[in-house]
Amino acid sequence: MSHEAAGVPTTRNDEDRQDDVPQDNDGVPQDNDDVQAVQPNEAEPDAPGPVGPEDAGPRPEDRLARAVQVAEQALIEFEIAVETFRVEVENFSRLHHQKLGPMYARLDELDALIAEARAAKTGDPEDERKAREARAVVMPMPGVDELFHDWMDTDGLSPEAAAMLTEQPVRPPKRVRPSEEARRLYRELARKAHPDLAQDEVERQRRDEFIARVNAAYGRGDVELLKELVAEWETGPVQPPAPLSESEELYARLEWLSRRKELLTVLAKELEDGAIGSMLRMAPDDPDQLLEDIAEQLLGEVSRREAELAEMTR
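Bear in mind the structure is a predicted one, so any value in this text is a computation, not a measurement.

Caption draft 1: Geometry of the overall build of the protein chain. The number of helices and strands found in the protein chain is 12 helices and 0 strands. Starting at the N terminus, the α and β elements of the protein chain follow one another as α-α-α-α-α-α-α-α-α-α-α-α. For the protein chain, the proportion of contacts with a sequence separation of at least 24, taken over those separated by at least 6, is 61%. Summing over all exposed atoms, the protein chain offers an accessible surface of approximately 24200 Å²; the carbon and sulfur share of this is 54%.

Below, the structure is given as structure tokens:
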């Protein structure tokens, strides 16, 4: 009976055994434990290394700051456009008034004369009413002289402006005699807010500015304003707001830019929809020629009305 038949494991020759045993570079066999120790574990992923600043993504504040910068530049360009158009409207309005104002005035006067001539001929109460309305358009507004009395001279200057231009001392404004209530409020404020009661220079400056407002109100005898100043002093100085974070400041800036844009949009709409703005849009490339065309039309209207008036007064 052979060994294989008895169930004894068969032996292999030395060459076969050497092929199955791991060896090092010098041909020396190695133990299994050593082999397992040096084999890498392919199933385990590589551990991540430390993350440097260059690997981090952009901060939300950086993106927000960029948005603020873009919005600011856009608003600047919008403001330039609106201001440019406003100056154009103002200049065109001035030229319109200088060149065409006398013609409009002449037309109003002729309309009044024609209406008065018609009323004189017919005696109709309705014609007389229309004549009065036409004359009222020509006449200055009642009460204007009284309103501006002692406020402007014949050259359109206030006494203060005229004095400065002629190097004369400016007259102090007229004073009124304060009432007893005004005196009481003034004494109360002076006792509480006098600058000599300040404990430091910042407080003294605040009191100086406040007392200057008190003196101005007292000089005008303005009781209501003095009462408001009493209430303002009782509330104390306004506390500075808590410091904002970087994100809060950027968001606040964006909100302000948005509100500013809305105001400029309203202003631009008003300029464009106004009479002068509408005229400018009719001839944006040559507004001077537009004035010439309007002047020619007005001269024609003046001639027709003068002929009508001459026919009625024959």
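Caption draft 2: Representation of the pattern of salt bridges in the model. In the structure shown here, the tally under the stated rule is 30 salt bridges. With a shortest N-O distance of 2.6 Å, glutamate 234 and lysine 192 are connected by a salt bridge. With glutamate 234 in helix H9 (residues 223-235) and lysine 192 in helix H7 (residues 180-193), this pair connects stretches of sequence that are 42 residues apart. Through salt bridges with shared partners, a single network forms among Glu181, Arg184, Glu188, Lys192 and Glu234.

Caption draft 3: A look at a negative patch on the surface. On the surface, Asp285, Asp286, Asp288, Asp293 and Glu296 cluster together to form a negatively charged patch. Tracing the backbone through its elements, the reader meets aspartate 288 in helix H12 (residues 287-312).

Caption draft 4: Molecular detail of helix H10 (residues 246-273). In a regular helix each residue adds 1.5 Å, so 28 residues correspond to 40 Å; H10 covers 41 Å between its end C-alpha atoms and thus fits that length. Turning to H10, its buried residues are Leu250, Leu257, Leu264, Ala268 and Leu271.

Caption draft 5: Broad picture of the packing of H7 against H9. One way to put it is that H7 packs onto H9 with a least axis distance of 9 Å and a crossing angle of 25°. Taken as axis vectors, H7 and H9 run roughly parallel relative to one another. Crossing hand, H7 versus H9: left-handed. Listed contacts from H9 to Glu181, Ala182, Leu185, Glu188, Leu189, Lys192 and Ala193 of H7 are Val223, Leu226, Lys227, Leu229, Val230, Trp233 and Glu234.

Caption draft 6: Representation of the packing of aromatic side chains in the model. Under the counting rule described, the total for this entry stands at 2 aromatic pairs. Ring centres 4.2 Å apart and planes at 15° place the aromatic pair tyrosine 186 and tyrosine 218 in the stacked group. One end of the pair, tyrosine 186, is in helix H7; the other, tyrosine 218, is in helix H8 (residues 201-220), with 32 residues separating them in the sequence. Seen in terms of ring centroids, phenylalanine 210 and tryptophan 233 are 4.9 Å apart; in terms of plane orientation they differ by 40°. Their pairing is tilted. Here phenylalanine 210, found in helix H8, pairs with tryptophan 233, found in helix H9; they are 23 residues apart in sequence, far enough to count as distant. The pair phenylalanine 210 / tryptophan 233 is uniform in exposure class, with both members buried.

Caption draft 7: Focus on the confidence of the model for the protein chain. Mean pLDDT over the protein chain stands at 75; residues scoring 70 or higher make up 68%. Mean pLDDT values for the elements of the protein chain range from 45 in helix H5 (residues 144-147) up to 92 in H9. In this model, residues 1-19 is a region of pLDDT below 50 whose contacts with residues beyond four sequence positions or in other chains number 6 contacts. Between residues 143-152, whose pLDDT stays under 50, and residues either more than four places distant or in other chains, the model counts 8 contacts.

Reading the values: the criteria
Residues numbered from 1 in each chain as written. Predicted model: local features only at pLDDT ≥ 70, side-chain atom pairs only at ≥ 80, totals over all residues. Heavy atoms only, no water. Helix = DSSP H or I, 4+ residues; strand = E, 2+ residues; numbered from the N terminus. Contact = heavy atoms within 4.5 Å. Areas by Shrake-Rupley, 256 points an atom, 1.4 Å probe, with all protein chains shown as cover. Salt bridge = Lys/Arg side-chain N within 4 Å of Asp/Glu carboxyl O. Patch = residues over 30% accessible without salt bridge, like charges linked within 9 Å, V, L, I, M, F, W, Y side chains within 5 Å. Lys, Arg positive; Asp, Glu negative; His and termini not counted. Charge placed at Lys NZ, Arg CZ, Asp CG, Glu CD. Expected span 1.5 Å × (residues − 1). Buried < 20%, exposed > 50% of the residue type's maximum accessible area, 1.4 Å probe, protein only. Axes fitted to C-alpha atoms, helices over the stretch in contact; angles between N-to-C directions. Parallel < 35°, antiparallel > 145°, perpendicular 65-115°, else oblique. Left-handed = near helix turned anticlockwise from the far one by under 90°. Phe/Tyr/Trp six-rings, centres within 6.5 Å; stacked < 30°, edge-to-face > 60°. pLDDT = per-residue confidence, 0-100.

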